[in-house]
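A structural walkthrough
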Amino acid sequence: MRFVALLLALAFTSVSLLPARAAEPVPQPLTTDSASAPCSVAQAYPSTTPSESPSAQPSASASPSPSPSPALTPLPFTHPGQGIPILVPPQPTPTPPAVTPPPPPTPTPVPTGSAGPVFLVHPSPLPPGASPTPVPTIPPAGASPVPAEVPTPAGPTPIPTLGPDQVAVIADRVTGTNAEHQPMDADGNVRVYYRDAILSGDHAHYDGDRTITLTGNPSLRNQRGDAVLNAQVITFDTVKGLATLTGGTGATTEGVEHGRLYYTGTRIEALRSGVTHIDQPSFTTCDVPKAGYHIAARSADLYPNDKLIARKAVLYLGLIPVAYIPVLVIGLARRPARFVNSSTPELGYTQTTGVFAKERLGFYRSDDWYGYYVLNYFQKLGMELGYVAFYRRADNRRSGSINFDDFNYNKLSGGQKRYNLAINDAENFSQRLRGNFAFTYNGNYGPFVYLPPSFSLNSSVSYAGIRGQENYTFSRYQSGSQQANTAYGFTDSRQLSAHVSEQINISQSSNRNELFTTGNTDVLHLNSLTHVTERGFDADINVDKTNQTFLAGIDKLPEITLRPHLRSFTRFPYSLNFVLGRYHEFPTNVETSKEEANLTLGPVYYRVFNNTDFNMGVNVRQDVYGTGDEKAQITQNMALSSTFGRHVTNSLSYNEINTNGNRFGPFQTLDVLGGNSSSAQDVLRVFNQSYYNLTLSTGTSFNHIAQPVSYQLTLRPFSVAYVQLGGSYDPSYSKFGPTNVQIATPFGHDSEIQIAANVFYGGVFGQRGIRNKAIYYRHIVGNCYEVQLSYREDLKEFDATINLLAFPSRAASFGINQNGPIIPQSFTYGG
């Protein structure tokens, strides 16, 4: 009996220790709530299966947890004699060795079969004390979560992956049926991911067909983060990839060099191509548009990193409209733009034209056809209308430009109507055959210049082969009925071998002049140049022959130039050059031969006394002619540069030329040598870093005539101020010449003034006082645009320009009488 009782007790104990049956999965509601922060795009594509959860899947890199301390566990074990339950301590469980479990196999992403958006929810926050998993699980919205008790099936499990044009919607709460053609709603931290665009808002509704509507502070931004759009409502077409913003505002830094480009519109459409279309736009680069400027237009198109095109634009300074621009193009690309920006009217006054107004209206049809119209009015002259266009074929086989101006100077006596036209065209017939053509007609040479109209036609066709190139040219010029010129040309260049190349040039021209009969000439010219290169020398063989009605010039039949490659055996560098030839000069009709030798020594450099550098060079030339004439020339150059301490330098140079023989013979146009001469120059410089710099320079020609002493003093009273005085003193008259004075200094907050003038002291110039005054002023308004004003007394002209700080290196500016940079290049200073 005791044995039977013992068996029953063991059986009962074994049954009580068996694990209980797993509970059936409890269906979960479709709505999932989470208060977590928005997840990134990477979290929208989980790398784990939906069945993996924090409670069921351990970390692949974490070490196993240590076993808990043994505790008293009630066991249903009956004492054989008394039959009452007792508590016995269990045997300690041996600790397994610390072995890192292998990571689960990575499932292969499988694109979802639905063409509609994929709805996902943000990961739920972890409960207190729970161990985090390596990758949070983001289950697809609308799917019931799998209980942790269900074991993970073996093998990879397909996970939702976006297709090429599919859309992902991630939110805190998602309601509805996540199936094709079924409506869905998403609330809380909604993010819609599509290609490189991200839409966000507080609520999103999908109609089950193709449209997602976002409300609650919706916005759109690109992945780079340099363009952001905000709106009241955003409607996104998942089929066309079109986002429509109602009551939108935006900002971008694409192509903007300073600040941002702000724009608003009643309706903004972000197309799949990346182009943004805006209805009733208003854009500016000012943080406070009403304090600066803004441009309102009927419509605008923003091409990322390319350009912004606004149509029927009106420029406002503050609240005042100042200009109308039919088409305004602003470049946003770092590369050179293929369009011309429009400008606002330029207003100004000059003594010649009186009050004038100029406007350039840009047009843009495509990158292959763009340009601008010119509309100018001059009070004392009249009107000027112009058209400038640039074109090219899409395959780059043709490109060119058209420039037409119509001058109607009806304010001049009798009235004048003149035209100017210029057409340039480049043709690429093939990879080796190209042509260039240009036509110019000039009927206007200036408001008070009266010359007959003229036209010119120039064309060239060139063929580039592997070892040679041919070029054919034609030109025609005619001025009224009084003068005409026609010319033809042919050039052939050949690489005959690795050491020999040849170029042949043949040209023919015909000149007709009705006023001067001596100008009626016909010229035929032939030139052949052969170049030979060897290891020990290189040489040129030149044949030049001219045949014309009135002979003039010189023929070379032939001329050979030889340049040996000599190795220097001394510390003095030297070179040799020999010329041999036969020449025929017209109209003197002198024909003879010539031998010429040139020897150049140096330059040679020496260091003297550790603070002085000395260099010198000599050139010797000897000519011998077949007529028995001889001539020679020696040229010497020397320079001495010294440094005294840390603030004084001095440079002394000397040049001397000595000539012997018949300097003007036997030819009148060839080998005419100058006479004997010598000169010296000295430059003394005293400086102290950038605080001051005084330069004194003078020279002499050793002719017993005192030479002027030039001076220039530059001062920097402080880092942003600049003063420069420059002029000369002539000992012959004991008078100072005019002194040029330039001053630049800050003039208030974000302002600067620069003054330039000439100070006269009388004497040989017969005048005293300050003359030729020029004043330059610049001021930055609201970190938005820069106002530049200038006045030039000598020209009696006032200039004003306004440059947008957002585009300092491009022509997105408007101004009054724009004539280039406001600060002369010789008057630029650094802070």
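Note that the structure is a prediction, hence the values are computed from the model and not measured.

When you go through the protein residue by residue, the secondary structure sums to one helix and 51 strands. The burial tally for the protein puts 34% of its 831 residues in the buried class. Residue pairs in contact within the protein that sit at least 24 positions apart in sequence constitute 41% of those at least 6 positions apart. When the accessible surface of the protein is split by element, carbon and sulfur atoms take 59% of a total near 47100 Å².

If you walk through the whole model with that rule in mind, you get 23 salt bridges. Here R267 makes a salt bridge to E269, at a shortest N to O gap of 3.1 Å. Overall, the relative accessible area of 36% leaves R267 in the partly exposed class. Across the pair D395 and R393 runs a salt bridge, and its minimum N-O distance is 2.7 Å. In this structure D395 comes out as partly exposed when scored by relative accessible area, which is 41%. Through salt bridges with shared partners, a single ionic network connects K594, E596, R621, D623 and D671.

If you walk through the whole model with that rule in mind, you get 17 aromatic pairs. When the centroid spacing of 6.0 Å and the interplanar angle of 25° are considered together, the rings of F404 and Y419 count as stacked. Taken as a pair, F404 in strand β26 (residues 398-409) and Y419 in strand β27 (residues 416-428) lie far apart in primary sequence, 15 residues in all. Between Y625 and F667, the aromatic rings sit 6.2 Å apart at their centres with planes inclined by 70°, giving edge-to-face as the arrangement. A residue pair is termed long-range when its members are at least 10 positions apart, and Y625 in strand β38 (residues 612-625) and F667 in the loop between β40 (648-661) and β41 (677-688) qualify at 42 residues. A residue is classified by how much of its surface remains accessible, and Y625, at 4% relative accessible area, is buried. Taking relative accessible area as the criterion, F667 reaches 0% and is therefore assigned buried. The rings of Y711, Y729, F736 and Y761 are connected pair by pair, giving a single aromatic cluster. Above the face of the F356 ring, K358 is positioned so that its terminal group lies 5.1 Å from the ring centre. Note that R685 overlies the ring of F687, its terminal NZ or CZ placed 4.1 Å from the centroid.

On to unusual backbone geometry, then. Among all residues except glycine, the phi angle is most often negative; among peptide bonds, the trans geometry is most common. Backbone torsion omega between L557 and P558 reads -20°, so that peptide bond is classified as cis. Residue placement: P558 occurs in strand β35 (residues 553-564). For the bond from G665 to P666, the omega torsion is 0°, close enough to zero to count as cis. Relative to the assigned elements, P666 resides in the loop between β40 and β41. Phi at F702 is positive, roughly 55°, even though this residue is not glycine. Secondary-structure assignment places F702 in the loop between β42 (692-700) and β43 (709-715). When its relative accessible area of 47% is taken as the criterion, F702 is described as partly exposed. Backbone geometry places D750, a non-glycine residue, at a positive phi of 55°. Here D750 lies in the loop between β46 (739-746) and β47 (751-761). Classification of D750 by relative accessible area gives partly exposed; the value is 39%.

Examined bridge by bridge, strand β33 (residues 521-533) and strand β34 (residues 537-548) share eleven bridges and lie antiparallel to one another. Looking at the pairing, V523 lines up with Q548 of β34. Count of turn residues in the β33/β34 antiparallel hairpin: three residues. The turn joining β34 and β35, which pair antiparallel and follow one another in sequence, is formed by four residues.

Here we take up the pairing of strand β10 (residues 211-215). Burial along β10 is one-sided: I212 and L214 are buried, while T211, T213 and T215, pointing the other way, are not. Of the pairings in the sheet, the one linking strand β9 (residues 197-206) to β10 comprises four bridges and is antiparallel in character. Residue pairing in the sheet places H205 in a bridge with T213 of β10. Two successive antiparallel strands, β9 and β10, enclose a turn made up of four residues, where G208 displays a positive phi of approximately 85°. Pairing of β10 with strand β13 (residues 233-237), which is carried by four bridges, proceeds in the antiparallel orientation. Residue pairing across strands places T213 opposite T235, the latter belonging to β13.

This part takes up the side chain of T353. Mapped onto the elements of the fold, T353 is located in the loop between β22 (346-350) and β23 (354-366). Every residue in contact with T353, bar those within four places of it in the chain, is listed here: F378, Q379, K380 and L381.

To continue, consider the nonpolar core. The nonpolar side chains of soluble globular proteins are, as a tendency, buried together. Of all hydrophobic cores here, the largest spans 47 residues; its most connected members are V169, A186, L199, I212, F283, A310 and L328. Here this core takes five residues from strand β8 (residues 184-194), the largest share from any one element. Formed by six residues, the second largest nonpolar core is a distinct cluster that contains V118, L120, A168 and I170.

Where nonpolar side chains cluster on the molecular surface, the patch consists of I743, I755, I775, Y791 and F798 and spans about 410 Å² of accessible area. Along the polypeptide, I755 turns up in strand β47. Classification of I755 as partly exposed rests on a relative accessible area of 37%.

This paragraph deals with the confidence of the model for the protein. Averaged over the protein, the pLDDT score is 76; the fraction of residues at 70 or greater is 73%. Here residues 1-114 is modelled with pLDDT under 50, and outside its nearest four sequence neighbours on either side it reaches 122 contacts, counting other chains as well. Taken as a whole, residues 125-159 scores under 50 in pLDDT and shows 63 contacts with residues more than four places along the chain or in a different chain.

Turning our eyes to something else, we now look at the layout of surface pockets. Considering only enclosed or pocket space, the second largest pocket measures out at about 430 Å³ in volume. As for the second largest pocket, its lining consists of 25 residues, of which D196, A197, L220, N222 and G274 are closest to the centre. Contributing elements (two or more residues each) for the lining of the second largest pocket: β9, β11 (219-222), β12 (227-230) and β15 (261-270). Its residues placed into classes, the lining of the second largest pocket shows 14 nonpolar, five polar and six charged.

Here R607 lies in strand β37 (residues 590-608). Dropping the residues within four chain positions of it, R607 is found in contact with T612 and D613. Side-chain polar atoms of R607 contact the backbone oxygen of N610, separated by 2.9 Å.

With respect to the helices and strands, Y729 occurs in strand β44 (residues 722-730). A residue is classified by how much of its surface remains accessible, and Y729, at 29% relative accessible area, is partly exposed. Taking the C-alpha atoms as reference points, Y729 and Y711, 18 residues apart in sequence, are found 8.1 Å from one another. Residues within four places of Y729 in sequence aside, it is in contact with P708, V709, Y711, S734, K735 and F736.

Scoring rules and cut-offs
Residues numbered from 1 in each chain as written. Predicted model: local features only at pLDDT ≥ 70, side-chain atom pairs only at ≥ 80, totals over all residues. Heavy atoms only, no water. Helix = DSSP H or I, 4+ residues; strand = E, 2+ residues; numbered from the N terminus. Buried < 20%, exposed > 50% of the residue type's maximum accessible area, 1.4 Å probe, protein only. Contact = heavy atoms within 4.5 Å. Areas by Shrake-Rupley, 256 points an atom, 1.4 Å probe, with all protein chains shown as cover. Salt bridge = Lys/Arg side-chain N within 4 Å of Asp/Glu carboxyl O. Phe/Tyr/Trp six-rings, centres within 6.5 Å; stacked < 30°, edge-to-face > 60°. Lys NZ or Arg CZ within 6 Å of the ring centre and 35° of its normal. Pairing = 2+ DSSP bridges. Core = buried A, V, L, I, M, F, W, Y, C linked by side-chain atoms within 4.5 Å. Patch = residues over 30% accessible without salt bridge, like charges linked within 9 Å, V, L, I, M, F, W, Y side chains within 5 Å. pLDDT = per-residue confidence, 0-100. 1 Å grid on protein atoms, 1.4 Å probe; cavity = no way out; pocket = protein on both sides within 12 Å on 5 of 7 lines; lining within 4 Å. Points joined across faces, edges and corners; volume = space filled by probe spheres on them. Nonpolar A, V, L, I, M, F, W, Y, C, P; charged D, E, K, R; others polar. Polar contact = N/O pair within 3.5 Å; in protein donor to acceptor, adjacent residues only side chain to side chain.

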